[in-house]
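A closer look at the structure
What follows is the residue order along each chain.
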Amino acid sequence: MKIKDQFRFIRQNIKKNRVRTSMTILATAMGCAFLIVLASVGYGLQETVVKDTLEEQVVTKIDVYGHESEGNYRPLSMEDVEYLESVEGVKAVTRRNQLRQIPTYSIDEYDAEAMAYSTHFPSEVESGLELSGGRLPENINEVVVGYHFVKHLVKDMDNADIYDEESGEIKSEYLYQDDLIGKTMDMKVRKDVEGEEIYETMSLTIVGVLEKPTREWMQDSNVYISQEIYAKVEEFTGTPGGELGIDPENINEVDTSNTFDDVKVYATNLEAVQGVSDELEEKNYAIYSVVSEMKQINMLFTIAKAGLILVGTIAIIIASIGIYNTMTMAVTERAPDIGIMKAIGANPKTIKQIFLLESSYIGIIGAIVGTIVAYLISLLVNLGLPIIIEMAFQDELPEGLQFSAIPLTLVLIAVGICLFVTILSGMRPAKRATQIDVLKAMRREI
Amino acid sequence: MIKVKQLSHHFELGKKENKTTLPVLKDISLQVEAGEIVSIVGKSGSGKSTLLNLISGFIKPTEGDIWIKDQKVTDFSEAKFADFRLNQMGFIFQSFQLIPSMTAYQNIELPLILKGESEIDRKQKTIAMLEKVGLEEFKDHYPSELSGGQQQRVSIGRALVLEPPLILADEPTGSLDSETEADLLTFIQKLNKELGVTFLIITHDEEVAHIGHRSITISDGQLIEGSDSL
């Protein structure tokens, strides 16, 4: 018997018991939709967390904190940087030193306080550093500033009246309004000598402004100075990185030009990150990369999703009881027909196949309907739930938060489970159909 | 065509503790040649229907063997016997055994579907058979919309559509009036003559028994000596 004819038989049989079959399909669809919606919460939250993590950090970046030897960590030196640059799959190695005091910057009557970093600009450019305007420094007195630096340049800094009472932000008339590029500013650093504060002013020219950070909430108001200016500050204070509060007399080595506070390795692409991470770990470097964090996040969510799918499967199992019932009734009702078919030569295998196909048919239609319903629910949840939560708790939810996501894999898993369970529940009635006694069935004794 | 050798059968009655056996057939041996019409006659309860059910493979004999077309069918599995029935046997039952939810056309087409024939072949053969049994006008009628004689013709059409060499008929005229009965018997004889189909007919009706080349009498599960009227 051809499959096409078997389907024709099934359609005829379903037509005869339209209401009963529709109810069974509905139960299956509900089970399937429940499974998908439940698991979609896991998928949705994972997507949000992963997206957040990825947006916060550059995925190809590996932070290198130091090198471990005999249980001690030492800061990274130029030799380390050279080695890191030689590792296969590494695109750039940036190295920065943070000034260990917060200098004051002045342009005309505007002042600002901001962190200062010395950095190696060629490697920064290679790693993807971009300017929103201007150019990179070419001589020792030239600097670039972060995108938000200008917002810290304030007139009458000590005046309490500069803040807006409602928003708490600095009033615009007190903020620096001009273009920064090409402006000369004074950087004032301090040292303490026997309780007395001594200041040194260095004249710097702003030649470039960095690109705005990708995340809305991130602020970059740093000043990026040359290594020579950094060394001048150290020379002035007599302490490493211009640090305050320590006595220069007690320090053996002031020069920090050979060591770096902040070293970052950039891999050529996402695939190379793992290989580079493995090699650096093998060489005893203390590292952190978002890829390894992603691994842990994904593992956690995989466990959570598996749990949710398991709970959802229970709904499908409950629906399968309906299928079992429907199929058992179908076999009982059709027993005389089955008997006749067997008498004229229908193979038991064919009869079993017809009933299994019928339960699979219910499963497939239920899964399709369930999937469509689940997509609709997911859409409604993503649109409606933030509004409800905001209304109920007066709390604004983080931007881009996704409660429910239904990837193709989830649909395939749900449809697979649904089909497996429905076929399984159709097995026994199908087997019963093959065991029908021809003579009893023809005498209408079943 | 059919060879039955020392066939015995009994039914088991009651449950485990009080199980009793009811012998139905005792040491039956008979032979039916290809192209014959053989009637098996006997009173109710004589075992003639049981003999037909054993030959059809609906039940397995307690003892003895059956050969059909030189194949020992008593050794067949259920699935193999089903295929054998589909290809080698046709059935006519007293109560027609048509599927009520199928039209005359669909009932006749059923064996062709089970055999997996193409739609074009099926259509051609079903229409030809409907013409042969004189029911082309009633092809879209359901069994409940047909008379007894018409239903039996549908049943014969279904039995013959795959052109099996052997037709087993259990009281084929049992539900028919005398006029329709006469028509049906003539039709059986015509099929036998024209197509060479072998018929094994179970009946208690003397008139039906007489259309055969020979008749065999069964009484109390045993063949009556000398009943073979070949």
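Residues numbered from 1 in each chain as written. Chains lettered and ligands numbered in written order. Predicted model: local features only at pLDDT ≥ 70, side-chain atom pairs only at ≥ 80, totals over all residues. Heavy atoms only, no water.

Right, let's get into the packing of aromatic side chains. Aromatic ring pairs are described here by two measures, namely the spacing of the ring centres and the angle between the planes. Enumeration over the complete set of coordinates arrives at 10 aromatic pairs over all chains. The interplanar angle of 70° and the centroid separation of 5.4 Å between the aromatic rings of phenylalanine 76 of chain B and phenylalanine 84 of chain B together place this pair among those described as edge-to-face. With respect to burial, phenylalanine 76 of chain B and phenylalanine 84 of chain B carry one shared label: buried. Ring plane angle 80° and centroid distance 6.2 Å describe the contact between phenylalanine 81 of chain B and phenylalanine 84 of chain B, whose orientation is recorded as edge-to-face. In this pair, phenylalanine 81 of chain B and phenylalanine 84 of chain B are both assigned in helix H2 (residues 78-88), three residues apart and thus about one turn of the helix distant. Its relative accessible area of 6% is what places phenylalanine 81 of chain B among the buried residues. Among the aromatic residues, ring-to-ring pairing joins Phe58, Phe91 and Phe93 of chain B into one connected group. Its end group placed over the ring of tyrosine 117 of chain A, arginine 96 of chain A keeps NZ or CZ at 5.9 Å from the ring centre. In this arrangement the basic side chain of lysine 305 of chain A is found over the ring face of tyrosine 43 of chain A, its NZ or CZ atom lying 4.0 Å from the centre. (Phe/Tyr/Trp six-rings, centres within 6.5 Å; stacked < 30°, edge-to-face > 60°. Buried < 20%, exposed > 50% of the residue type's maximum accessible area, 1.4 Å probe, protein only. Helix = DSSP H or I, 4+ residues; strand = E, 2+ residues; numbered from the N terminus. Lys NZ or Arg CZ within 6 Å of the ring centre and 35° of its normal.)

Here we take up the sheet that holds strand S1 (residues 2-13) of chain B. Residue and element names in this part refer to chain B. Pairing is antiparallel in the open sheet, where four strands are placed in the order S2-S1-S4-S5. In the strand order of this sheet, the two ends are held by strand S2 (20-32) and strand S5 (71-72), each with one partner. Two strands pair when backbone bridges link them, and S1 and strand S4 (residues 63-68) are joined in this way by five bridges, in the antiparallel orientation. Counted as the bridge partner of serine 8 is glutamate 63 from S4. Here helix H1 (residues 48-56) sits on the sheet in contact with S1, S2 and S4, set at roughly 115° to S1. (Pairing = 2+ DSSP bridges. Contact = heavy atoms within 4.5 Å. Axes fitted to C-alpha atoms, helices over the stretch in contact; angles between N-to-C directions.)

To continue, consider the UniProt feature "transmembrane region" (unreviewed entry) in chain A. Residues and elements named next belong to chain A. In the numbering used here, UniProt assigns the "transmembrane region" (unreviewed entry) feature to residues 21-45, 299-324, 361-389 and 401-424. For residues 21-45, the end-to-end C-alpha separation is 36 Å, with 100% helix and 0% strand making up the annotated structure. Secondary structure content for residues 361-389 is 100% helix and 0% strand, and the end C-alpha separation is 40 Å. (UniProt positions renumbered as here; feature names shortened; annotations may be inferred.)

Taken together, the 23 residues of chain A in the interface contact 29 residues of chain B. In total, chain A and chain B occlude about 2,200 Å² of area from one another, counting both sides; carbon and sulfur atoms represent 58% of this. Summed over the three residues of chain A that lose the most area to chain B, namely Ile340, Ile344 and Leu439 of chain A, the buried surface amounts to 25% of that side. Applying the counting criterion to the chain A and chain B interface returns four salt bridges. On the surface where chain A and chain B come into contact, there are nine residue pairs in polar contact (both at pLDDT 80 or more). Elements supplying a minimum of two residues to the side of chain A that touches chain B: helix H1 (3-16), helix H8 (335-343) and helix H11 (438-442) of chain A. With six residues, the single largest contributor to the side of chain A that touches chain B is H1 of chain A. Residue classes in the side of chain A that touches chain B are distributed as 11 nonpolar, four polar and eight charged. (Buried area = accessible area lost by both parts, 1.4 Å probe. Salt bridge = Lys/Arg side-chain N within 4 Å of Asp/Glu carboxyl O. Polar contact = N/O pair within 3.5 Å; in protein donor to acceptor, adjacent residues only side chain to side chain. Nonpolar A, V, L, I, M, F, W, Y, C, P; charged D, E, K, R; others polar.)

All names here are of chain B. Taking strand neighbours across the sheet as the criterion, the six strands line up as S6-S7-S8-S3-S9-S10 in an open arrangement whose pairing is mixed. Two strands close off the open sheet at either side, each with one partner strand: strand S6 (89-92) and strand S10 (222-223). Pairing geometry for strand S3 (residues 37-41) and strand S8 (residues 198-203), over five bridges, is parallel. Paired with serine 39 across the bridge in S8 is isoleucine 201. Taken strand by strand, helix H5 (residues 148-160) contacts S6 and strand S7 (166-170), and its axis lies near 170° from that of S6.

One pass over the structure, following the stated rule, counts 25 salt bridges over all chains. Between aspartate 65 of chain B and lysine 72 of chain B there is a salt bridge, and its shortest N-O distance comes to 3.7 Å. The class for lysine 72 of chain B is partly exposed, based on a relative accessible area of 30%. Across the salt bridge formed by arginine 122 of chain B and glutamate 109 of chain B, the nearest N and O atoms sit 3.1 Å from each other. With arginine 122 of chain B in helix H4 (residues 119-132) and glutamate 109 of chain B in helix H3 (residues 104-115), this pair connects stretches of sequence that are 13 residues apart. One salt-bridge network, held together by shared partners, links Asp5 and Arg8 of chain A together with Glu109 and Arg122 of chain B.

Right, let's talk about the side chain of glutamine 150 of chain B for a bit. Residues and elements named next belong to chain B. Tracing the sequence through the fold places glutamine 150 in helix H5. From its side chain, glutamine 150 meets the backbone nitrogen of serine 147 in a polar contact 2.8 Å long. For glutamine 150, the contacting residues outside a window of four places in its chain are Leu135 and Phe138.

Before going further, it helps to examine the environment of isoleucine 28 of chain B. Residues and elements named next belong to chain B. Tracing the backbone shows isoleucine 28 in strand S2. Measuring from C-alpha to C-alpha, the distance between isoleucine 28 and phenylalanine 93 comes to 23 Å, with 65 residues separating the pair along the chain. In contact with isoleucine 28, other than residues within four places in its own chain, are Val4, Lys5, Gln6, Leu7, Leu51, Ile218, Gly221, Gln222 and Leu223.

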